[in-house]
There are 2 protein chains.
Amino acid sequence: MTRKPAAKAEVMTIREMCAAYDVTPRTLRFYEAKELLSPIREGTRRLFTRRDRARLTLILRGKRFGFSLEDIRQTLDLYDRDGSDAAQRQRACEIARERLAIMEAQRAELDVAIADLKAELAASATNTATQRGTAPSHAAE
Amino acid sequence: MTRKPAAKAEVMTIREMCAAYDVTPRTLRFYEAKELLSPIREGTRRLFTRRDRARLTLILRGKRFGFSLEDIRQTLDLYDRDGSDAAQRQRACEIARERLAIMEAQRAELDVAIADLKAELAASATNTATQRGTAPSHAAE
DNA sequence: CGTTACGCTGACGTTAACGTCAACCTCTCT
DNA sequence: AGAGAGGTTGACGTTAACGTCAGCGTAACG
């Protein structure tokens, strides 16, 4: 009757997961097959823990940044430290630092791209207004 | 008057493009087939103009942000104003603004992800240090 | 007891974004 | 003239990340 603090009832069925994260069952099963998730089994059915949910959040986030599932799988190991030895954690840290560098570079480039697009939009706006354009300005990589 | 020697590099062969942008010929032909590039033809051969190069820069940039080629193709139309009528430019602007919103959201989330990863790295570092006495040699700010 | 709902496991289909390969031009150089 | 370098067009193969479908189990519901 009394609920234990953050221990037992913290599991979700596949449908609940799908609703909560806007993914299909197929996707979750696929991620499990790829060892990105590891839900516990109640008989044959999957029960997703908060660990699975945390990982799924990171997976979906990673995807939005263009990382492959394999990329993500490796980075994920950093986030759960239990069950991995010192060498594994070490490796996970290296990978994570690489990932971090990539993401920071990505952010820098994103800023450029945003500024670029804004400028182009502004130009296009004045262009539409005046119906007469100037030379296009482009910044190469 | 003949053409300026400096302006000789107006067009590039496919090989030059490949070297300059680190892509394969197949990729460039593929992009042409998808109407992302439109090199001029010298007989049967392709010659890529600065317009193609500008577009290619944007294409590769877009890809790094996880956009599909089709997404990119549509946004690209904003960048060249010639050959499109008012309605088309209008539509391109709308698409570009959507893209812009996506990218700004992406930037915000990227900040979160970076902070997250940094925190996790820091935690993992202290964890490693506690366990084995190895000092964190280089931590990010 | 049947049926409806949810879940599982293969297994094959699909789309995007190219890779790979064969077969063929077309210059240039020796 | 022959060899090679660089280019071209199909056409088929590949990988990632799922979609779709068939067939089966089971648990509850009426």
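Nothing here was measured: the structure is a model prediction, and the numbers come from that model.

What follows deals with the relation of the copies chain B and chain A. When chain B is fitted to chain A, the best match, at an RMSD of 0.1 Å, comes from turning it 180 degrees and sliding it 0.0 Å along the axis. Here the two chains are linked by the operation of a two-fold rotation axis. In terms of proximity to the rotation axis, the leading residue of chain B is Gly66(B), whose C-alpha is 2.3 Å off the axis. Most of the interface of chain B is mirrored in chain A, where 94% of its interface residues are also at the interface.

For any two helices packed against each other, the geometry is given by the interaxial angle and the distance between the axes. Residue and element names in this part refer to chain A. Following both chains from N to C, one finds helix H3 (residues 50-64) and helix H4 (residues 69-79) inclined at 140 degrees, their axes separated by 10 Å at the closest point. With respect to H4, the axis of H3 lies oblique. In terms of crossing hand, the pair formed by H3 and H4 is right-handed. Contact residues: Arg 55, Leu 58, Ile 59, Gly 62 and Lys 63 in H3; Leu 69, Ile 72, Leu 76, Asp 77 and Tyr 79 in H4. Tallied by class, residues from the contact of H3 with H4 come to 6 nonpolar, 1 polar and 3 charged.

Of note, Asp22(A) is a non-glycine position whose phi angle comes to about 55 degrees, a positive value. Counting through the fold element by element, Asp22(A) comes out in the loop between helix H1 (14-21) and helix H2 (25-33). Non-glycine residue Glu35(B) carries a positive phi angle of around 65 degrees. One can find Glu35(B) in the loop between helix H2 (25-33) and strand E1 (40-42).

The environment of DNA strand C is made up of 16 residues, and the closest members are Arg15(A), Arg29(A), Arg46(A), Thr24(B) and Tyr31(B). Arg15(A) places a side-chain nitrogen or oxygen 2.5 Å from a phosphate oxygen of DNA strand C. Between DNA strand C and Tyr31(B), the relevant distance is 2.6 Å, taken from a phosphate oxygen to a side-chain nitrogen or oxygen of the residue. Secondary-structure elements contributing two or more residues to the surface near DNA strand C are H1 and strand E2 (45-47) of chain A together with H2 of chain B. The greatest single-element share of the surface near DNA strand C, amounting to 4 residues, is contributed by H2(B).

A separate point is the pattern of salt bridges. The final tally for this structure, using the stated rule, is 23 salt bridges over all chains. Measuring nitrogen to oxygen at the nearest pair gives 2.1 Å for the salt bridge that ties Arg64(A) to Glu109(B). Linking Arg64(A) in helix H3 with Glu109(B) in helix H5 (residues 86-132), this pair reaches from one chain into another. Overlapping salt bridges bring together Arg107(A), Asp111(A), Arg107(B) and Asp111(B) as one network.

A few words on the packing of aromatic side chains. All names here are of chain A. Within the structure shown, the criterion is met by 2 aromatic pairs over all chains. Their ring planes at 55 degrees and their centres at 6.2 Å tell us that Phe 30 and Tyr 31 sit as a pair that is tilted. In this structure Phe 30 comes out as partly exposed when scored by relative accessible area, which is 32%. The class of Tyr 31 is buried, set by a relative accessible area of 4%.

Time to look at the protein's contact with DNA strand D. Thr24(A), Tyr31(A), Lys63(A), Arg15(B) and Arg46(B) are the nearest of the 17 residues found near DNA strand D. Backbone atoms, meaning sugar plus phosphate, form 71% of the atoms of DNA strand D positioned within 4 Å of the protein. Between DNA strand D and the protein, one listed contact pairs a phosphate oxygen with a side-chain N or O atom of Thr24(A) at 2.7 Å. The contact in question runs from a phosphate oxygen of DNA strand D to an N or O atom on the side chain of Arg29(B), over 3.2 Å. For the surface near DNA strand D, the secondary-structure elements that each account for two or more residues are H2 of chain A together with helix H1 (14-21) and strand E2 (45-47) of chain B. In terms of residues, the surface near DNA strand D owes the most to one element, H2(A), which gives 4 residues.

Residues of helix H4 (residues 69-79) of chain B that are buried include every one of Ile72(B), Thr75(B), Leu76(B), Leu78(B) and Tyr79(B), and no others. Buried residues of H4(B) fall within an arc of 135 degrees about the axis and therefore sit on the same side.

Reading guide: rules and limits
- Residues numbered from 1 in each chain as written.
- Chains lettered and ligands numbered in written order.
- Predicted model: local features only at pLDDT ≥ 70, side-chain atom pairs only at ≥ 80, totals over all residues.
- Heavy atoms only, no water.
- Least-squares fit on C-alpha atoms with pLDDT ≥ 70 in both.
- Contact = heavy atoms within 4.5 Å.
- Axes fitted to C-alpha atoms, helices over the stretch in contact; angles between N-to-C directions.
- Helix = DSSP H or I, 4+ residues; strand = E, 2+ residues; numbered from the N terminus.
- Parallel < 35°, antiparallel > 145°, perpendicular 65-115°, else oblique.
- Left-handed = near helix turned anticlockwise from the far one by under 90°.
- Nonpolar A, V, L, I, M, F, W, Y, C, P; charged D, E, K, R; others polar.
- Near = heavy atom within 4 Å.
- Polar contact = N/O pair within 3.5 Å; in protein donor to acceptor, adjacent residues only side chain to side chain.
- Salt bridge = Lys/Arg side-chain N within 4 Å of Asp/Glu carboxyl O.
- Phe/Tyr/Trp six-rings, centres within 6.5 Å; stacked < 30°, edge-to-face > 60°.
- Buried < 20%, exposed > 50% of the residue type's maximum accessible area, 1.4 Å probe, protein only.
- Arc of directions from axis to C-beta.

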